[in-house]
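Summary of structural features
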Amino acid sequence: MNLLRIRIHHLIEQLGDEELQSVWEDVHALHCDFYMLKAIQKVKQSQQPWDILTQEEAIQILMFY
C-alpha cells in the first residue's frame, strides 16, 4: 500500500494546475459514486421482502407523521 501512495504522489506532482482540477473533479465524482454504491449494497443486504411498501401505504404512513 505504501508503494501505491508513493506512486500516486509522484503522479500528482507531475500534473499541472488545470489538469489537477480536472482530476480532482473526476476522483471526487468516483468517490461519491462508490460511497452511494456501498450504501445501496448495504441496504440490499439488510432489506427483507416484507420491508417494501406500495406507494399508497407509504403515503398513508407519511400522512400520520
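Residues numbered from 1 in each chain as written. Predicted model: local features only at pLDDT ≥ 70, side-chain atom pairs only at ≥ 80, totals over all residues. Heavy atoms only, no water.

**Here's the deal with the overall build of the chain**
Looking only at helices and strands, one finds 3 helices and 0 strands in the chain. Mapped from its N terminus to its C terminus, the chain presents α and β elements in the order α-α-α. Relative to a compact globule of 65 residues, whose C-alpha radius of gyration would be 11 Å, the chain shows 21 Å and is clearly more extended. With respect to the principal axes defined by its C-alpha atoms, the chain has extents near 55 × 25 × 15 Å. By the burial criterion, 0% of the 65 residues in the chain qualify as buried. Summed over all atoms, the accessible surface of the chain reaches about 6900 Å², with 62% contributed by carbon and sulfur. (Helix = DSSP H or I, 4+ residues; strand = E, 2+ residues; numbered from the N terminus. Rg over C-alpha atoms; globule rule 2.2 N^0.38 Å. Buried < 20%, exposed > 50% of the residue type's maximum accessible area, 1.4 Å probe, protein only. Areas by Shrake-Rupley, 256 points an atom, 1.4 Å probe, with all protein chains shown as cover.)

**Considering the confidence of the model for the chain**
Of all residues in the chain, 97% attain a pLDDT of 70 or more, and the chain-wide mean is 88. Mean pLDDT values for the elements of the chain range from 84 in helix H3 (residues 55–63) up to 94 in helix H1 (residues 2–14). (pLDDT = per-residue confidence, 0-100.)

**Observations regarding H1**
In a regular helix each residue adds 1.5 Å, so 13 residues correspond to 18 Å; H1 covers 19 Å between its end C-alpha atoms and thus fits that length. Counting buried positions along H1 gives 0 out of 13 residues, so the element sits mostly on the surface. (Expected span 1.5 Å × (residues − 1).)

**Considerations on a nonpolar patch on the surface**
Taken together, the side chains of Met1, Leu4, Ile8, Ile12 and Leu20 make up a nonpolar region of the molecular surface, amounting to roughly 490 Å² of accessible area. Here Leu20 is to be found in helix H2 (residues 17–46). (Patch = residues over 30% accessible without salt bridge, like charges linked within 9 Å, V, L, I, M, F, W, Y side chains within 5 Å. Salt bridge = Lys/Arg side-chain N within 4 Å of Asp/Glu carboxyl O.)

**A closer look at the environment of His10**
Among the secondary structure elements, His10 is positioned in helix H1. His10 sits in the partly exposed class, given a relative accessible area of 45%. Each C-alpha atom of the pair His10 and Met63 lies 56 Å from the other, and the pair is 53 residues apart in sequence. Reaching out from His10, the side chain makes a polar contact with the side chain of Gln14 at a distance of 2.7 Å. (Polar contact = N/O pair within 3.5 Å; in protein donor to acceptor, adjacent residues only side chain to side chain.)

**Some points on the environment of Phe34**
Along the chain, Phe34 falls in helix H2. Spatially, the C-alpha atoms of Phe34 and Ile59 are 31 Å apart, while their sequence positions differ by 25 residues.

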